Amino acid sequence: MAQHPQLPKWTEIAEKQMKGKSVETLSWMTPEGIKVKPLYTAEDLEGMESANTLPGMAPYVRGPMATMYTGRPWTIRQYAGFSTAKESNAFYHKALAAGQKGLSVAFDLATHRGYDSDHPRVAGDIGKAGVAIDSVEDMKILFNGIPLDQMSVSMTMNGAVIPILAGYIVAAEEQGVAHDKLEGTIQNDILKEYLTRNTYIYPPTPSMRVISDIMAYCSREMPKYNTISISGYHMMEAGANSVLQTAFTLADGVEYVKAALKSGMDVDTFAPRLSFFFGIGMNFFMDIAMLRAARFLWYRLMSQFNPKNAKSSMLRTHCQTSGWSLTEQDPHNNIIRTTLEAMTAALGGTQSLHTNSFDEAIGLPTDFSARIARNTQIIIQEESQICHVIDPLGGSYYLESLTNSIINESQKIIDEINELGGMAKAIESGMPKMRIEESAARKQARIDQGLDVIVGVNKYKLANEKIDFEVREVPATVRDEQIARIKEIKASRDNVAVERALADLTNAAKNGGNLLEAALPAVRARATVGEISTAMESVFGRFVATTRCISGAYSSEYTGDNNAVTAIKQRTNVFLEKQGRRPRLLVTKMGQDGHDRGFKVVASAYADLGFDVDISPMFQTPEEAAKMAIENDVHLVGASSLAAGHKSLIPALIEELKKIGGGEILVVAGGIIPPGDYDFLYKAGVKAIFGPGTPIPESADKTLALLEEKYLQ
């Protein structure tokens, strides 16, 4: 490679300004393992296939559309849903009136997991992290006054995808909208659920059949509808860096293509309606490069299937700003973070975008914070002028080089997955999940040491924190309302017709037949989401994952003699000497929330710090968590909360421990808990609360102090 003629002179000037230090000391190694130099020149782009392309032309590095935002800006598609269908519908109408262009529906956790609101396992989850949908009657209310033949609707649903998509179709029918008029996207990406978000219902094999059946039905009946949104977002939120997100997301996509082809479909029948969903974090240039690299790689990967339609190889994506990057500390900083992440997505060439609200590290977004999040996109589109030029960063020496590096590093992982037999086999081996969890643990260790700066958390901290804004709370009465509606529907429907339709669905699951098509009569007869899910579960079973944590990843990021970590290890050793065993902790996650980054990182880090750590299965009830704590003879339970169920689930755990003889076991809580709820939890018996951003050595110090006071005094 030819060297820039003035590079030696630049090096001389730079090193003189650095008082003789080598410019090599300015290089930086990213978490992805990519070396970033302080200066890039045209010579860095020599031989790069990805660096000399045009938008709208293969391999689509500079965007899938030739005119990109100069023709039409990205779609502002805010992900929203909470409480009841009636409340969410009112929220949607306000958002559409304020400039939002498409709907993106968030469902509550009970719905995701295929439970009706009256099921005992979901008492703390109803309406908390999305809208509760129990039947097509709820779906009709959700879209009341919203013409489904004119509105693109995205639905984030994977586990209970059959009853939810069927409910949407029937709601449209009863609006008078034909199937072929429906536009939008169903996420329908089950593989990533086994990796990160965990809102699965059935085992992988029947779940892949569900996906193929949906693709086949929609290809025939709903030609404008996108049948799958292949998601890397939750991988990023779980800890995946940009290379891991790219590689695993595209490998999932290839697995779905192979499944559809195996079912007899032609690639050009379904591939043009595949879409993607990427998460955008705070590494500005890295994630711009990630989107460009993903388009290049998808074109390359699809070439093996010999598509004839150019759209079959064209990666189109929705993006969402990171929720994990939001901080409870100095939370108005989150508005700035989300703005930067939104700019990243736009400059990377997204087709639609959701921007998170600044208060989501504390609770559910309010109308006030949601308006700021939505206006962030409107201001970028209307005031920044970036929409007037196609791919304005294209040709940047640094960006093009970074794009090429992500292509190369991601391809290595994709090749590794292929050697394992594809993504389904790789998931069975545990490789992708372990890589993501290791990445999360290492990231947390760097934050806790201050190596990765989080303003307001580990640097430039406020002396006195005060949360002085409204936090949305979903009342427990929402569940009562939903249960009343279920009773009303069951009392007024033709139960013989319901049972017949459900039996036909079970037969289709057992003996063959399109599951989405078979579910439609049940939905029309007013069968509930839970009944439809159970009809298939009776054949497929319900999947239960093995929960484990990474050892050594957290502590390996600590270099030298770190006083905080060393001191905690010494204290756990003293506890061992005096008590005959190490301090034993059960880390549990109750309710139906499947986001497991927080409690997996805590479990891994505490184990590295000298605790004996038990980690519970996902989706425990308070009764199950209490029983496990007793059986494992733990000193302490750490309850992780993310989805606003803390006021019901954690007090229930404490009461159950008392009931079955575990009253001596201490309980601490962590996660997204509004500060206004701290006193409530303390009065319920919680001994300590660790909000988002709490350094793990700090929480371990306080936890150990509680145990020392109880057992070593």
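What comes next concerns the included structure. Since the model is a prediction, treat every value here as computed from it, not as a measurement. (Residues numbered from 1 in each chain as written. Predicted model: local features only at pLDDT ≥ 70, side-chain atom pairs only at ≥ 80, totals over all residues. Heavy atoms only, no water.)

1. Focus on helix H28 (residues 696-711)
Threshold: In this description a helix means any DSSP run of H or I spanning at least four residues, a strand means any run of E spanning at least two, and both kinds are numbered starting from the N terminus. For a helix, the expected span equals 1.5 Å multiplied by the number of residues minus one. The cut-offs for exposure are 20% and 50% of the maximum accessible area for each residue type, with area from a 1.4 Å probe on protein chains only; residues under the lower value are buried, those over the upper are exposed, and the others partly exposed.
Between its first and last C-alpha atoms H28 spans 22 Å; for 16 residues at 1.5 Å apiece the expected length is 22 Å, and the two agree. What H28 keeps buried is the set Ile696, Pro697, Ser699, Ala700, Thr703, Leu704, Leu707 and Glu708.

2. Let's talk about the packing of helix H6 (residues 161-175) against helix H8 (residues 204-221)
Note the cut-off: Axes here mean lines fitted to C-alpha atoms, for a helix over just the part in contact, with angles spanning 0 to 180 degrees between N-to-C directions. For classification purposes, angles smaller than 35 degrees are called roughly parallel, those larger than 145 roughly antiparallel, those between 65 and 115 roughly perpendicular, and all remaining angles oblique. Crossings are classed by handedness, with left-handed meaning an anticlockwise turn of the near helix from the far one by less than a right angle and right-handed meaning a clockwise turn. By definition in these notes, contact holds between two residues if any of their heavy atoms fall within 4.5 Å. Residues are grouped as follows: Ala, Val, Leu, Ile, Met, Phe, Trp, Tyr, Cys and Pro are nonpolar; Asp, Glu, Lys and Arg are charged; every other residue, Gly included, is polar.
One can describe the packing of H6 onto H8 by two numbers: an axis separation of 11 Å at closest approach and a directional angle of 20°. The orientation of H6 with respect to H8, classified from their angle, is roughly parallel. The way H6 lies across H8 gives a crossing that is left-handed. Contacts between H6 and H8 involve Val161, Ile162, Leu165 and Ile169 from the first element and Val210, Ile214, Tyr217 and Cys218 from the second. In the contact of H6 with H8, the residues fall into eight nonpolar, no polar and no charged.

3. Things to note about the packing of aromatic side chains
Note the threshold: Each Phe, Tyr or Trp ring, with Trp reduced to its six-membered ring, pairs with another whose centre is within 6.5 Å; inter-plane angles below 30 degrees give stacked pairs, above 60 give edge-to-face pairs, and intermediate values give tilted ones. Two conditions define a charge located above a ring, namely a distance within 6 Å from the ring centre to NZ of Lys or CZ of Arg, and an angle within 35 degrees of the ring normal.
The tally for this structure, following the rule as stated, stands at 20 aromatic pairs. Seen in terms of ring centroids, Tyr200 and Phe543 are 5.1 Å apart; in terms of plane orientation they differ by 85°. Their pairing is edge-to-face. Taken together, the residues Tyr200 in the loop between helix H7 (191-197) and H8 and Phe543 in the loop between helix H21 (529-540) and helix H22 (553-556) connect sequence positions 343 residues apart. Judged by relative accessible area, which is 25%, Phe543 ranks as partly exposed. Ring geometry for Tyr202 versus Phe540: centroids 5.5 Å apart, planes at 75°, classification edge-to-face. Placement of the pair is Tyr202 in the loop between H7 and H8 and Phe540 in helix H21, with a sequence separation of 338 residues. Across the pair, exposure class does not vary: Tyr202 and Phe540 are buried alike. Aromatic ring contacts, followed pair by pair, group Tyr40, Phe284, Phe285 and Tyr398 into a single cluster. Between Lys37 and the ring centre of Tyr40, over which it is positioned, the NZ or CZ distance is 5.1 Å. Taking NZ or CZ as reference, Lys647 lies 5.1 Å from the ring centre of Phe680, over its face.

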